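# Structural features, examined
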Amino acid sequence: ADVGIIGFPNAGKSTLISKISNARPKIADYPFTTLVPNLGVVRLEEGTSFVAADIPGIIEGAHEGKGLGHQFLKHIERTRLLIHLIDFSDPDQDSILSRYHKLQAELKNFSSELFQKPQILVATKADDPQSKKNFQDLSASMLELNPVVFLISSLTGEGIQDLLWKIKEGLSSEGPSEEEQIIMQFRRRET
């Protein structure tokens, strides 16, 4: 996949991939619904697409193999860009920031290369008034952590188109996708 959608359980990863692509993952209101990565093709405009992977929820200790952590982190390693989803509907703002730091620590402890992959930070569940309040209160802190931050709602579609165009822009700056590289190699052989 070009893009890895990461986050703790129930951050909204499966709901997002179901809204932006052809993927139809199992979605439920309990943790660990997703047990294997789901792939989906995201089409933006004629000839513009990328593959996104909904990675099962990462938990603390994943870098040590907890919760199939190594398996999931290896999937993330193969992507070019990470979309880090954080559930912003939690009334405890410290918990929101803590989840961000915990997931970043898991990435760093697994591999410094993985930790350094470009990331887009996404606050989810914008349809919840608590999420909007938290986003306003924490936006300065979030921008210090990552200069690319979006607030989205997969339920209403708020913010999703802007996020998709930012993903496209991020992938363009990372060079051609695997699919594009294969096509270029095939065309070179034909000439």
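These lines cover the structure that appears in this document, whether it is placed above or below. (Residues numbered from 1 in each chain as written. Predicted model: local features only at pLDDT ≥ 70, side-chain atom pairs only at ≥ 80, totals over all residues. Heavy atoms only, no water.)

Of regular secondary structure, the chain possesses 7 helices and 6 strands. When the elements of the chain are put in sequence order from the N terminus, they spell out β-α-β-β-α-β-α-α-β-α-β-α-α. Taken across its 191 residues, the chain has 46% of its residues classed as buried. Taking the contacts inside the chain whose residues are at least 6 apart along the sequence as the reference set, 63% of them involve residues at least 24 apart. A total of about 10100 Å² of accessible surface is found on the chain, and carbon and sulfur atoms cover 50% of it. (Helix = DSSP H or I, 4+ residues; strand = E, 2+ residues; numbered from the N terminus. Buried < 20%, exposed > 50% of the residue type's maximum accessible area, 1.4 Å probe, protein only. Contact = heavy atoms within 4.5 Å. Areas by Shrake-Rupley, 256 points an atom, 1.4 Å probe, with all protein chains shown as cover.)

This structure, assessed with the given rule, holds 6 salt bridges. Between Asp-2 and Arg-80 there is a salt bridge, and its shortest N-O distance comes to 3.4 Å. Separated by 78 residues along the polypeptide, Asp-2 in the segment before β1 (3–6) and Arg-80 in the loop between α2 (69–77) and β4 (81–87) bring together distant segments of the chain. For Glu-158, the salt bridge goes to Lys-132, with nearest N and O atoms at 3.1 Å. Taken together, the residues Glu-158 in the loop between β6 (149–151) and α6 (160–173) and Lys-132 in helix α5 (residues 129–145) connect sequence positions 26 residues apart. A relative accessible area of 34% means that Lys-132 is categorised as partly exposed. (Salt bridge = Lys/Arg side-chain N within 4 Å of Asp/Glu carboxyl O.)

One open sheet accounts for 6 strands, arranged β2-β3-β1-β4-β5-β6; its pairing is mixed. Each having just a single partner strand, β2 (38–45) and β6 make up the two edges of the open sheet. Recorded for the sheet is a direction-independent mean angle of 25° between the axes of neighbouring strands. Strand direction decides the pairing type here: β1 and strand β3 (residues 48–54), joined by 3 bridges, are parallel. Residue pairing across strands places Gly-4 opposite Ala-53, the latter belonging to β3. (Pairing = 2+ DSSP bridges. Axes fitted to C-alpha atoms, helices over the stretch in contact; angles between N-to-C directions.)

On to the packing of helix α3 (residues 93–110) against α5. Taken N-terminus to C-terminus, the directions of α3 and α5 make an angle of 30°; their axes are 11 Å apart at the nearest point. The handedness of the crossing between α3 and α5 comes out as right-handed. Contact residues: α3 offers Gln-93, Ile-96, Leu-97, Tyr-100 and His-101, while α5 offers Lys-133, Asn-134, Asp-137, Leu-138, Ser-141, Met-142 and Leu-145. Here the residues of the contact of α3 with α5 sort into 6 nonpolar, 4 polar and 2 charged. (Left-handed = near helix turned anticlockwise from the far one by under 90°. Nonpolar A, V, L, I, M, F, W, Y, C, P; charged D, E, K, R; others polar.)

Look at Asn-10: it is not a glycine, yet its phi comes out positive at around 70°. Mapped onto the fold, Asn-10 is located in the loop between β1 and α1 (13–20). Judged by relative accessible area, Asn-10 falls into the partly exposed class, the value being 30%. The phi angle at Lys-125 is positive, at roughly 70°, despite the residue not being glycine. Positionally, Lys-125 belongs in the loop between β5 (119–124) and α5.

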